[in-house]
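So you can see what is in the structure, the chains are spelled out below.
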Amino acid sequence: MTPDVRKARRLVVKIGSALLVDRDTGLRRDWLSALAEDVAEAKRGGTDVILVSSGSIALGRGVLHLGYGSLALEQSQAAASVGQIQLARAYEEALAPHGITTGQVLMTLEDTTDRRRYLNSRATLETLLGLGVVPIVNENDTVATDEIRFGDNDRLAAQIAVTVGADQLILLSDVDGFYSANPKEDPTAQRFDVIDAITPTIEAMAGDPVSGLSKGGMKTKLMAAKTAVAGGCAMAIMEGSVERPLKALADGAARTWFVAQGDPQVARKRWINAMKPRGQVRVDAGASQALLAGKSLLPAGVTAIAGAFGRGDPVDILSPEGDVLGRGLARYTSTEARAIMGHRSGEIEEILGYAGRAALVHRDDMVI
C-alpha cells in the first residue's frame, strides 16, 4: 500500500538548499511560511515532525559576499557559522506564529556511528519531540571535516529517521521523483511512482546533481533510501518548490515512494539483537517480570554485572537463574552499573555525582 503522509506517526522532512535559498534574493520566506503551515497541520494531526535542513552555507556565503563558486574548507565553515544563526532564526520566525517551538540540533557522521553519541542524539531528539518541539537538524559544517561528514543532508535525514524510529521520510528536492535516467538530459526518462526494492538495475539509473546549490544527487538519495527502508521507514522524493509541498504530496503530487521493509520498531529490535554482547546484567524476579511486561530495566532490579562495557554497548540481560531474557543497549558503563545496581533511580545522582537516566536499559533499546 502506498504510504499516506497524513497518517505518519513520526515524519522527517529534508529541505534542500536550492529550495530554501535563492541565489539573488536569499531566503525564500514565502515558501518557508507555507511549509510552516504544512508542519503545523501535521502536528495538529498528531504527527511528530523533524526538519533536516540544508542552507546554512548558502545563507552564510550570501551574508559574507563569498559568491557561489567553490569555497575552501575554512570558508565553507565560516559561512556555515554565520548561516546557522540565520537558518535557526528563519525557522523560529516561520513556526512561532503557529505556536510551535523549534530547537536546533547540529550533527556530524560521528554522532550516529559512535553508539554513545548515537544514544545521546536519540535521547535529545526524543525529549524534544516529547515536549512538542520541532527539531531543526543540520550537519555541523563548522567543525566537520571530510572524515566525519555525511556530505549531504539526504543521508543525514535517513539516519535521523532511523534513529528516532520515523515511519516516513520526505526528501523535498528539485526533481519530482526517481527517474530511469536524468530527466534534464534524457527526455525519454520515466518516473517511478513506487519502488518496492532497490535493485542493482535501479542503482544503475542514478545520476548526478543538477542544481547549482544542492550537493546531493540521485546516488545520495538512493543511499538515503537504502538506510531508511532497511530501518522500517518509507521514503518519498518529490519536487519541493511548490507552495505547501506536504499538502501537495497528500493531494497526489508526482513523487516516488520507496517502500519500507517492515516496521521501524521491528527493524530496530532486529538490529540490536544482531549485536555481539559486551557484558551481562543479571536481574531479580521482580525485574524479570517487569521486563516481560514491556518495562525498562531499572538499577534497583539488577543483582550482578559481568564484563566490561561502555555506554551504548549491547549487553545480555539474564534471569535470576542465569537464562538469557534479552539484549539491550546499556545507558551506563559497567563501572557505573556496578555502583548503582540494587539502588533506586532517585539515588543515582548521589552515588555517581551527576543526575543520570532512570533506566539502566530503556525498553526502546531492548529486545526480550
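Residues numbered from 1 in each chain as written. Predicted model: local features only at pLDDT ≥ 70, side-chain atom pairs only at ≥ 80, totals over all residues. Heavy atoms only, no water.

Asks: Any chance you could explain the packing of aromatic side chains here in plain terms?
Replies: For any pair of aromatic rings, geometry is given as the distance between the ring centres together with the angle between the planes. Throughout the structure, instances matching the rule amount to 2 aromatic pairs. With 6.0 Å between their ring centres and 40° between their planes, Phe178 and Phe192 make a pair best called tilted. Of this pair, Phe178 sits in strand S8 (residues 178-179) while Phe192 is found in strand S9 (residues 191-192), placing the two residues 14 residues apart along the sequence. Residue Phe192 is classed as partly exposed on the basis of its relative accessible area, which comes to 25%. Taken together, a centroid distance of 6.3 Å and an interplanar angle of 70° make the contact between Phe178 and Phe258 edge-to-face. With Phe178 in strand S8 and Phe258 in strand S12 (residues 255-258), the pair connects residues that are 80 residues apart, well separated along the chain. (Phe/Tyr/Trp six-rings, centres within 6.5 Å; stacked < 30°, edge-to-face > 60°. Helix = DSSP H or I, 4+ residues; strand = E, 2+ residues; numbered from the N terminus. Buried < 20%, exposed > 50% of the residue type's maximum accessible area, 1.4 Å probe, protein only.)

Asks: Where do I start with helix H4 (residues 73-95) in this structure?
Replies: What sets the pattern is the α-helix's 3.6 residues per turn: residues three or four places apart point alike. With 23 residues, H4 ought to run about 33 Å at 1.5 Å a step, and its terminal C-alpha atoms sit 32 Å apart, in line with that. Of all the bends in H4, the greatest, near 30°, is centred on Gly83. Every buried residue belonging to H4 is among Ser76, Gln77, Ala79, Ala80, Gly83, Gln84, Leu87, Ala90, Tyr91, Ala94 and Leu95, and all of these are buried. (Expected span 1.5 Å × (residues − 1). Bend = angle between axes of the 7 residues up to and from the residue.)

Asks: What is the right way to read the sheet that holds strand S14 (residues 302-307) from this model?
Replies: Read from one edge to the other, the open sheet built from 5 strands follows the order S14-S13-S15-S16-S17, with strand pairing classed as mixed. Lying at the two open borders of the sheet, with one neighbouring strand each, are S14 and strand S17 (366-367). Sheet topology places strand S13 (residues 279-283) next to S14; 5 bridges connect them, and they run antiparallel. Paired with Gly279 across the two strands is Gly307, which belongs to S14. Along the sheet, helix H11 (residues 264-273) makes contact with strand S16 (324-329) and S17, crossing S16 at roughly 100°. (Pairing = 2+ DSSP bridges. Contact = heavy atoms within 4.5 Å. Axes fitted to C-alpha atoms, helices over the stretch in contact; angles between N-to-C directions.)

Asks: Could you clarify how one ought to interpret the nonpolar core in this entry?
Replies: One broad rule of soluble globular proteins: the nonpolar side chains tend to lie buried together. Counting residues in hydrophobic clusters, the biggest one holds 37 residues, and the most contacted among them are Ile15, Leu20, Leu32, Leu51, Ile170 and Leu172. Looking at which element gives the most residues to this core, the answer is helix H2 (residues 29-44), with 7 residues. Every residue in contact with Leu51, bar those within four places of it in the chain, is listed here: Val13, Ile15, Val39, Tyr91, Val134, Pro135, Ile136 and Val137. The next biggest cluster of nonpolar side chains, apart from the first, holds 35 residues, and it includes Val12, Leu128, Ile198 and Ala225. (Core = buried A, V, L, I, M, F, W, Y, C linked by side-chain atoms within 4.5 Å.)

Asks: How do you make sense of the side chain of Ser319 when you look at a structure like this?
Replies: Checked against the element boundaries, Ser319 lands in the loop between strand S15 (314-318) and S16. Setting aside residues up to four positions removed in sequence, Ser319 forms contacts with Arg282, Val283 and Leu325.

Asks: Looking at this model, I keep getting lost on the pattern of salt bridges. Mind explaining?
Replies: Within the structure shown, the criterion is met by 18 salt bridges. Salt-bridge contacts for Glu37 lead to Arg244; the nearest nitrogen and oxygen are separated by 3.8 Å. Taken together, the residues span a long stretch of sequence, with Glu37 in helix H2 and Arg244 in the loop between strand S11 (234-239) and helix H10 (245-250) at a distance of 207 residues. Arg244 gets classed as buried once you look at its relative accessible area, which sits at 15%. (Salt bridge = Lys/Arg side-chain N within 4 Å of Asp/Glu carboxyl O.)

That's the geometry; what it means functionally is another story.
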